[in-house]
Amino acid sequence: MERKQILAASTSIVLLVLSLTNCKTKSDSDDENLLLLAAVASQRVCANSSFTGTTVVNSTATLDTNTDCITGMTSSMSSDLPAWIRNNFKCAVGSVSGSNYVFRSQNIPNNKSYYFGSSSPMYEALGSGQKSAGNNQISSQCLVYSIPSSPAEKSGSKTGTQSGYVSVGITVNGLAIFNNAAAPGDTLASEVQTFDQYNGHPQSSGVYHHHSQPLNVSNNNANLIGILLDGFPVYGRDCRTFAGVTSTPGDLDSNHGHTTTTTHFSSAIYHYHYTNDTTAGTNTLIGSYFHGTPGTVSN
Ligand SMILES: [Zn+2]
Ligand SMILES: [Zn+2]
């Protein structure tokens, strides 16, 4: 105990919290990290070295070319996550907790955006024909997703994606996925005009998000885009089966999904595609309902 206290005092909040929660020391780091993260999250100390990294400040934000995330942000996927997540997701902290995947994200894009503000090194003007979404600017968030690791179709009536979720999924680059609706009084088809050059924009409290394909992740191809709150993956416009066959699927259900093998799943699995959405009047990452039972997300 004495040794722990000295370490805690001389090193970091990591060890301090470990001593407070009576965790094992040293090697069993996954368990420790989960307990630590739970403790830190409950205090809403989101951006620190043991959570999602240093709080990003727009005026000094730069891209770390090693992680391809904003400098200071933690990009870490725990070793017990399945390969399709571990090898593809970044700019967030991913772990396994019981029967859920947990993602924690500051939700700052690793692409330039008008919405970093003109004083930011990450600033980029809007594309031609685009217009500003008022004074909205990107800001650091404390998003915590708990997503079922064994997703299954929900029997009976499906859960709506427009039911007040702060986000309905997370992209492979750690960003919020929003549904097929715009802010009240607007349609998504017209809100598309406010997207930056990577198809994202922030809402009024600075939550940067994609309704449409994130253009530095997928651009009308079969790339993995992310995971939705019900645990099923979402891919780009096209579908590449495990056998390597790529085509634009013609058998999607009204929720943008179908069941086939994919690049990452040798057994057929339900998955979503970026496709035309009749409610939105444009292509979106998700329709009006989840196929499975959604997990939880807080901010
Ligand atoms: Zn939006
Ligand atoms: Zn598919």
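Residues numbered from 1 in each chain as written. Chains lettered and ligands numbered in written order. Predicted model: local features only at pLDDT ≥ 70, side-chain atom pairs only at ≥ 80, totals over all residues. Heavy atoms only, no water.

As recorded by an unreviewed UniProt entry, the protein chain carries the name YHYH protein and is attributed to Leptospira jelokensis.

Trainee: Any chance you could explain the overall build of the protein chain here in plain terms?
Mentor: Within the protein chain, the secondary structure is distributed over five helices and 19 strands. Per-residue burial for the protein chain yields a buried fraction of 48% across its 299 residues. Counting only carbon and sulfur atoms, one obtains 49% of the accessible surface of the protein chain, whose full area is about 12,900 Å². (Helix = DSSP H or I, 4+ residues; strand = E, 2+ residues; numbered from the N terminus. Buried < 20%, exposed > 50% of the residue type's maximum accessible area, 1.4 Å probe, protein only. Areas by Shrake-Rupley, 256 points an atom, 1.4 Å probe, with all protein chains shown as cover.)

Trainee: What is the right way to look at the packing of aromatic side chains in this model?
Mentor: Each aromatic ring pair is described using two quantities: the centre-to-centre distance and the angle formed by the ring planes. Scanning the entire structure with this criterion turns up eight aromatic pairs. Ring plane angle 25 degrees and centroid distance 5.4 Å describe the contact between Phe89 and Phe103, whose orientation is recorded as stacked. In this pair, Phe89 is assigned in the loop between helix 4 (83-86) and strand 4 (93-97) and Phe103 in strand 5 (residues 100-105), connecting sequence segments 14 residues apart. Residue classification places Phe103 among the buried residues on the basis of a relative accessible area of 0%. Taken together, the ring pairs in this structure connect Trp84, Phe89, Phe103 and Phe265 into an aromatic cluster. (Phe/Tyr/Trp six-rings, centres within 6.5 Å; stacked < 30°, edge-to-face > 60°.)

Trainee: Can you walk me through the state of the cysteines in this structure?
Mentor: Working definition of a disulfide: a covalent bond connecting the sulfur atoms of two cysteines. In the structure shown here, the tally under the stated rule is one disulfide. The disulfide partner of Cys69 is Cys91, and the gap between their sulfur atoms is 2.1 Å. The S-S bond linking Cys69 to Cys91 shows a torsion near -90 degrees; that makes this disulfide left-handed. Of this pair, Cys69 sits in strand 2 (residues 69-70) while Cys91 sits in the loop between helix 4 and strand 4, and the two are 22 residues apart along the sequence. (Disulfide = S-S within 2.5 Å.)

Trainee: It is not clear to me how the pattern of salt bridges should be interpreted in this structure. Could you clarify?
Mentor: Close approach of charged atoms allows side chains of opposite charge to pair. Taken as a whole and judged by the stated rule, the model has three salt bridges. Salt-bridge contacts for Lys90 lead to Asp68; the nearest nitrogen and oxygen are separated by 2.7 Å. In this pair, Lys90 is assigned in the loop between helix 4 and strand 4 and Asp68 in the loop between strand 1 (63-64) and strand 2, connecting sequence segments 22 residues apart. A residue is classified by how much of its surface remains accessible, and Lys90, at 26% relative accessible area, is partly exposed. Here Lys158 makes a salt bridge to Glu153, at a shortest N to O gap of 3.0 Å. Classification of Glu153 as exposed rests on a relative accessible area of 51%. (Salt bridge = Lys/Arg side-chain N within 4 Å of Asp/Glu carboxyl O.)

Trainee: So what exactly am I meant to see when it comes to the coordination of the zinc ion (ligand 1) here?
Mentor: Each donor-metal-donor angle would ideally measure 109.5 degrees in four-coordinate tetrahedral geometry, or 90 or 180 degrees in six-coordinate octahedral geometry. Summarising the metal site, the zinc ion (ligand 1) is bound by the protein donors His201 (NE2), His209 (NE2) and His211 (NE2), whose distances to it range over 2.0 to 2.1 Å. Sequence spacing among the residues donating to the zinc ion (ligand 1) works out to H-x7-H-x1-H. One end of the pair, His201, is in strand 9 (residues 200-202); the other, His211, is in the loop between strand 10 (208-210) and strand 11 (224-228), with 10 residues separating them in the sequence. Of the two residues, His201 and His211, both sit in the buried class. (Donors = N, O, S within 2.8 Å, 3.2 Å for Na, K, Ca; no water.)

Trainee: Sorry if this is basic, but what is going on with the coordination of the zinc ion (ligand 2) here?
Mentor: With distances of 2.0 to 2.3 Å, the protein atoms coordinating the zinc ion (ligand 2) are Cys239 (SG), His258 (NE2), His271 (NE2) and His273 (NE2). One way to put it: the four donor atoms around the zinc ion (ligand 2) meet at angles of 98 to 115 degrees, and that makes the site tetrahedral. Sequence spacing of the donor residues for the zinc ion (ligand 2), all on one chain, is C-x18-H-x12-H-x1-H. Taken together, the residues span a long stretch of sequence, with Cys239 in strand 13 (residues 239-240) and His271 in strand 16 (residues 265-273) at a distance of 32 residues. (Tetrahedral: all angles 85-135°; square planar, octahedral: opposite > 155°, others 65-115°.)

Trainee: Help me understand the pairing of strand 11, please; the structure alone is not making it clear to me.
Mentor: The side chains of a regular strand alternate, residue by residue, between the two faces of the sheet. In terms of residue burial, strand 11 counts as a mostly covered element, since five of its five residues are buried. One ladder, built from three bridges, connects strand 7 (residues 169-171) with strand 11; its direction is antiparallel. For Gly169, the partnering residue across the bridge sits in strand 11 and is Leu228. Relative to strand 12 (residues 233-235), strand 11 runs antiparallel, the two being bridged by three bridges. Across the sheet, the residue bridging to Ile227 is Pro233, located in strand 12. The turn joining strand 11 and strand 12, which pair antiparallel and follow one another in sequence, is formed by four residues; a positive phi near 95 degrees is taken by Gly231. (Pairing = 2+ DSSP bridges.)

Trainee: Got a minute to help me understand the sheet that holds strand 6 (residues 143-148) in this structure?
Mentor: In any sheet, the strands associate via hydrogen bonds between backbone groups, in a parallel or an antiparallel arrangement. Here we have five strands laid out as an open sheet, ordered 3-4-5-6-19, and mixed in their pairing. On the outer flanks of this sheet lie strand 3 (76-77) and strand 19 (296-298), each paired with one strand and no other. Examined bridge by bridge, strand 4 and strand 5 share five bridges and lie antiparallel to one another. What sits directly across from Val93, in strand 5, is Arg104.

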